[in-house]
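# Inside the fold
Listed below are the residues making up each chain.
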Amino acid sequence: MMNTPQQVKNPSTSLKSRFITRFLGALTKINAEDPISSPSPTRIFQRYRRIKVASNKSMAYSVRSRRIWSRAMLSRFRSRRSAFSGRRSSVKTTNCTTINVTINENKTAKGGLDMQTDELRELVPGGEAMDVCNLLDETAHYIKCLTTQVQVMRKIVDFCHLSK
Amino acid sequence: MSGRRSRSKQSSVSSITDDQITDLVSKLQHLIPELRRRRFDKVSTSKVLQETCNYIRSLHREVEDLSDRLSQLLASTDSDSDQAAIIRSLLMQ
């Protein structure tokens, strides 16, 4: 990876710019495949879904496999894709075994905290399999990424408004 | 791998100390706008977790709302020449 002199060492800056590049690329593609003169509600709804997926995907790809939540999200996307193409995706059973063991260990300790984290586990990708420490740590990172996503998307919306 | 399954490995579970959890929870507290103002109050762990869930849900909704707006905006914007300008302005701050 080349570090240009302009890139600050701050990792969140380059994460943000990676996200921006990917997301804008996806938006360009979506716009190109859908000619301007088709504003039917169905098309707009399909476009909305594609944009939403593109946003989440762009962030997950920008984080790469450095985080449990991004890995979970990426494997979700991959299995969805192979489901669409009609191929049976070979599920990596090694991951499942690890998941089962982690859950069993959690049940034996800190039962109260576990109940409180149930809701959070459903919201954070891959949350079901994490121990409490990982869950809290991953949640913090996930929130930072979500706020970056929202921040960038807002700027794009503002820009589109301005350029009309 | 087989070592993980034995009961005698319970020590690795209880080594998640309360202090560690408190640290992580307070780190979360700083990220959530609702709770950041109450930094000097004592906020209970369950409150932090609850607010965290609410915040994540509101962020998800914002992504959906912004995607919705973008889908309508894109329908009437010409992309290519704008793209470069957008990228530049976004990256420059």
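The following refers to the structure shown. Being a predicted model, the structure only gives us computed values, none of them experimental.

### Observations regarding the overall build of chain A
The number of helices and strands found in chain A is 6 helices and 0 strands. Reading chain A from its N end, one meets helices and strands in the order α-α-α-α-α-α. Across the 164 residues of chain A, 41% fall into the buried class. In chain A, the proportion of contacts linking residues at least 24 apart, taken out of those at least 6 apart, comes to 57%.

### Some details on the layout of surface pockets
Counted as a void, the second largest pocket has a volume near 910 Å³. As for the second largest pocket, its lining consists of 31 residues, of which Val53, Ala54, Lys57, Phe77 and Arg80 of chain A are closest to the centre. Elements that contribute at least two residues to the lining of the second largest pocket include exactly α1 (11-33), α2 (41-63), α3 (68-84), α5 (111-123) and α6 (132-162) of chain A together with α5 (45-74) of chain B. Sorting elements by how many residues they give to the lining of the second largest pocket places α2 of chain A first, with 10 residues. Each residue belonging to the lining of the second largest pocket can be placed in one class, and the counts come to 14 nonpolar, 5 polar and 12 charged.

### Brief notes about the nonpolar core
The biggest cluster of nonpolar side chains holds 57 residues, and the ones touching the most others in it are Phe23, Leu27, Trp69, Leu136 and Ile156 of chain A together with Ile56 and Leu70 of chain B. When residues of this core are traced back to their parent elements, those giving at least two are α1, α2, α3, α5 and α6 of chain A together with α3 (18-31), α5 and α6 (80-91) of chain B. Per-element tally for this core: the top contributor is α6 of chain A, with 15 residues. Ignoring anything within four residues of it in the chain, the contact list for leucine 70 of chain B reads Phe23, Leu27, Ile51, Met153, Ile156 and Val157 of chain A.

### Points about the pattern of salt bridges
Applying the stated criterion across every chain yields a total of 8 salt bridges over all chains. A salt bridge links glutamate 51 of chain B to lysine 47 of chain B, with the nearest nitrogen and oxygen atoms 3.2 Å apart. With glutamate 51 of chain B and lysine 47 of chain B both in helix α5, this residue pair falls 4 residues apart, about one helical turn. Judged by its relative accessible area of 12%, glutamate 51 of chain B is buried. Measuring nitrogen to oxygen at the nearest pair gives 4.0 Å for the salt bridge that ties arginine 69 of chain B to aspartate 65 of chain B. Highlighted residues: arginine 69 of chain B and aspartate 65 of chain B, both in helix α5, separated by 4 residues, approximately one helical turn. Through salt bridges that share partners, Arg67, Asp137 and Glu138 of chain A together with Lys27 of chain B make up one connected network.

### Here's the deal with the environment of serine 46 of chain B
Note on placement: serine 46 of chain B falls in helix α5. Taking relative accessible area as the criterion, serine 46 of chain B reaches 34% and is therefore assigned partly exposed.

### What about the side chain of serine 62 of chain A?
Residue position: serine 62 of chain A is located in helix α2. Polar side-chain contacts of serine 62 of chain A include one of 3.4 Å to the side chain of arginine 22 of chain A.

### So, the packing of α6 of chain A against α3 of chain B
At a closest axis distance of 10 Å, the pairing of α6 of chain A and α3 of chain B adopts a crossing angle of 15 degrees. When the axes of α6 of chain A and α3 of chain B are compared, the pair comes out roughly parallel. By crossing handedness, the relation of α6 of chain A to α3 of chain B is classed as left-handed. Within the contact between the two elements, α6 of chain A uses Val132, Cys133, Leu136, Asp137, Thr139, Ala140, Ile143 and Lys144 of chain A and α3 of chain B uses Gln20, Ile21, Leu24, Val25, Lys27, Leu28 and Leu31 of chain B. For the contact of α6 of chain A with α3 of chain B, the residue count by class is 10 nonpolar, 2 polar and 3 charged.

### Concerning the packing of aromatic side chains
Both the distance between ring centres and the angle between the ring planes are used here to describe each pair of aromatic rings. Residue and element names in this part refer to chain A. Under the criterion given, the structure shown has 3 aromatic pairs over all chains. Relative to tyrosine 48, the ring of phenylalanine 45 has its centre 5.7 Å away and its plane inclined at 45 degrees; by these criteria the two rings are tilted. Remark: tyrosine 48 and phenylalanine 45 occur in helix α2; sequence separation between them is 3 residues, near one turn of the helix. The ring of phenylalanine 77 carries lysine 57 above its face, with NZ or CZ at 5.4 Å from the centroid.

Cut-offs and rules
- Residues numbered from 1 in each chain as written.
- Chains lettered and ligands numbered in written order.
- Predicted model: local features only at pLDDT ≥ 70, side-chain atom pairs only at ≥ 80, totals over all residues.
- Heavy atoms only, no water.
- Helix = DSSP H or I, 4+ residues; strand = E, 2+ residues; numbered from the N terminus.
- Buried < 20%, exposed > 50% of the residue type's maximum accessible area, 1.4 Å probe, protein only.
- Contact = heavy atoms within 4.5 Å.
- 1 Å grid on protein atoms, 1.4 Å probe; cavity = no way out; pocket = protein on both sides within 12 Å on 5 of 7 lines; lining within 4 Å.
- Points joined across faces, edges and corners; volume = space filled by probe spheres on them.
- Nonpolar A, V, L, I, M, F, W, Y, C, P; charged D, E, K, R; others polar.
- Core = buried A, V, L, I, M, F, W, Y, C linked by side-chain atoms within 4.5 Å.
- Salt bridge = Lys/Arg side-chain N within 4 Å of Asp/Glu carboxyl O.
- Polar contact = N/O pair within 3.5 Å; in protein donor to acceptor, adjacent residues only side chain to side chain.
- Axes fitted to C-alpha atoms, helices over the stretch in contact; angles between N-to-C directions.
- Parallel < 35°, antiparallel > 145°, perpendicular 65-115°, else oblique.
- Left-handed = near helix turned anticlockwise from the far one by under 90°.
- Phe/Tyr/Trp six-rings, centres within 6.5 Å; stacked < 30°, edge-to-face > 60°.
- Lys NZ or Arg CZ within 6 Å of the ring centre and 35° of its normal.

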